[in-house]
Amino acid sequence: MALALMGTLTACNDYDPVAIGYEEVETTPSSTIADRPDLDPSWLMSEVINIGQHDNNVFVYNDNLLNSVFAQNLGWTGGDVQSSVKMDDGNILFVVRDAYYGVVDAATRARLSGNIVRNSMLILKTDGGNVSNPKAENLINLNKYVQTTDPSASGYYEGVPFMTHAKSQYHYWPGVATDYNGQIQVQMIAYRTTLQRRDASDIITYSKNGSVGEDYLQEVEKKTAFTNYIAYDDCLLKDNDGHNYLYCAYQLTGVNGVLVARTASHDLNSEWEFMLINTNGEQEWSKTIPTATATSASEEALRSNMLADNGSCQHPQVFKNGDWYYLVAQSYSNKADVRIWRSKTAYGPFSEPKTLCVIPEYVQKAGNKYYNSLTRVALHPSLSRSGELVLSTSQTANADADNFTFVGSADYCRPYFYRIYNWEHLFAE
């Protein structure tokens, strides 16, 4: 089974890794001005030692409690978490791209069997939105299983894609999601496997039915928002001005930039428009989407980068705090340093880049702790307890075969969580 799965998860590793990170040394930050946060011991936080990677007044912690919640042993056992959204009932929906399903040995954390699923939905059940003490049993997989009754038969706890494209040459990758008018809307990217390209962004609307489980979300309708290689699928900000703002980084050979779109209302099926920079250097909303291929982009896309000074990043994530909009993103490409910009508007330009933190080059797992490539850093505002920033990472194993059999093999391609406190100090006047 493991041999059959080798190589199938490499699509999420688009770029060569760059090793930047913390060393395993026992030192303490110097020139610290701010006090460390007062943390509840039950949260199981451990500080990531700062030896000069980030500002001494910013404190970074491993969230070992959340990490344990996502260390599942049966069914969904890991994947590339794309984004999350707090639903109206306070529960949190996670949309996941390439994910492993099957069986993991609980004692050794070795992945024993399973399959790969291109799109998954998870819900973390909360106590009315309270995320202080999440539990592993409250992370519910919404995908169906092949079979769950016979451990000796094939397909045991293997997953079925949450959504299958009508055409066999395509699969769906989830982008962003929102809870609108009591229903869940999910952007699904139609990815053409045979040509390795994005072709369209479809909006699929689901009703919420009964208790949280595999029949909880029922499809209501599917509409195509637009057909384009650029997908605006990294982040959705539901702003209080009545718009959804959507962000993406187009990543071409040696070229990178952040683009912004918005919908007319909080309904993802309302009309989309796109922020462009015209030939006079002025920002303007356009009904025409900028285009690109896997290797080149249109002139409109190239000049419409919303990072000041033609900055670069990947997987931009935007949130609002006070009067400012902040963009958090992993440095391009696949680097471990996470940067933060800010703007007075949701559509930029975003300027004043600062280093927020550097993701360690190893993860807290059994067996070999060093991963191959850091493929995604995602922001989760709904998981914040007191205004701190919550990041999750996705990382690949050194070789595809390392995802099976070995001690700790189930703990490469799964999310790890970090909390960043006193990040506001970076922009202190």
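A brief report on the enclosed structure follows. (Residues numbered from 1 in each chain as written. Predicted model: local features only at pLDDT ≥ 70, side-chain atom pairs only at ≥ 80, totals over all residues. Heavy atoms only, no water.)

**Quick word on the sheet that holds strand β19 (residues 337-343)**
By definition, the strands of a sheet pair up through backbone hydrogen bonds, in either a parallel or an antiparallel sense.
Next, step 1: Spatially, four strands are ordered β17-β18-β19-β20 in an open sheet, and the strand pairing comes out antiparallel. Single-partner strands in this sheet number two, and they are β17 (314-321) and β20 (351-358). Each strand axis lies, on average, 25 degrees off the axis of its neighbour in the sheet, ignoring direction. (Pairing = 2+ DSSP bridges. Helix = DSSP H or I, 4+ residues; strand = E, 2+ residues; numbered from the N terminus. Axes fitted to C-alpha atoms, helices over the stretch in contact; angles between N-to-C directions.)

**A few points about the nonpolar core**
Next, step 1: Core analysis: the biggest nonpolar cluster contains 32 residues, and Ile 340, Leu 356, Ile 359, Leu 389, Leu 391 and Ile 420 have the highest contact counts within it.
Next, step 2: Sorting the residues of this core by element identifies β18 (324-330), β19, β20, β21 (374-379), β22 (389-395) and β23 (416-421) as the ones contributing at least two each.
Next, step 3: If we skip the residues at most four places from it in the chain, Ile 420 touches Val 58, Phe 59, Val 60, Leu 356, Cys 357, Glu 388, Leu 389 and Leu 391.
Next, step 4: Ile 123, Tyr 172, Val 212 and Leu 217 belong to the second largest nonpolar core, which has 23 residues in total. (Core = buried A, V, L, I, M, F, W, Y, C linked by side-chain atoms within 4.5 Å. Buried < 20%, exposed > 50% of the residue type's maximum accessible area, 1.4 Å probe, protein only. Contact = heavy atoms within 4.5 Å.)

**Here's the deal with the pairing of strand β5 (residues 110-117)**
Next, step 1: With six of eight residues buried, β5 lies mostly within the body of the structure.
Next, step 2: Relative to β5, strand β4 (residues 92-105) runs antiparallel, the two sharing seven bridges. Along β5, the bridge assignment pairs Asp 105 with Ala 110.
Next, step 3: Hairpin geometry of β4 and β5 is characterised by an intervening segment of four residues between the two adjacent antiparallel strands and by a positive phi of about 55 degrees at Arg 109.

**Things to note about the sheet that holds strand β9 (residues 183-192)**
Next, step 1: Read across the sheet, four strands follow the order β8-β9-β10-β11 without closing on themselves; strand pairing throughout is antiparallel. Since the sheet does not close on itself, it has two edges, and those belong to β8 (170-180) and β11 (217-226), each with one partner. Neighbour to neighbour, the strand axes of the sheet diverge by 25 degrees on average, direction disregarded.

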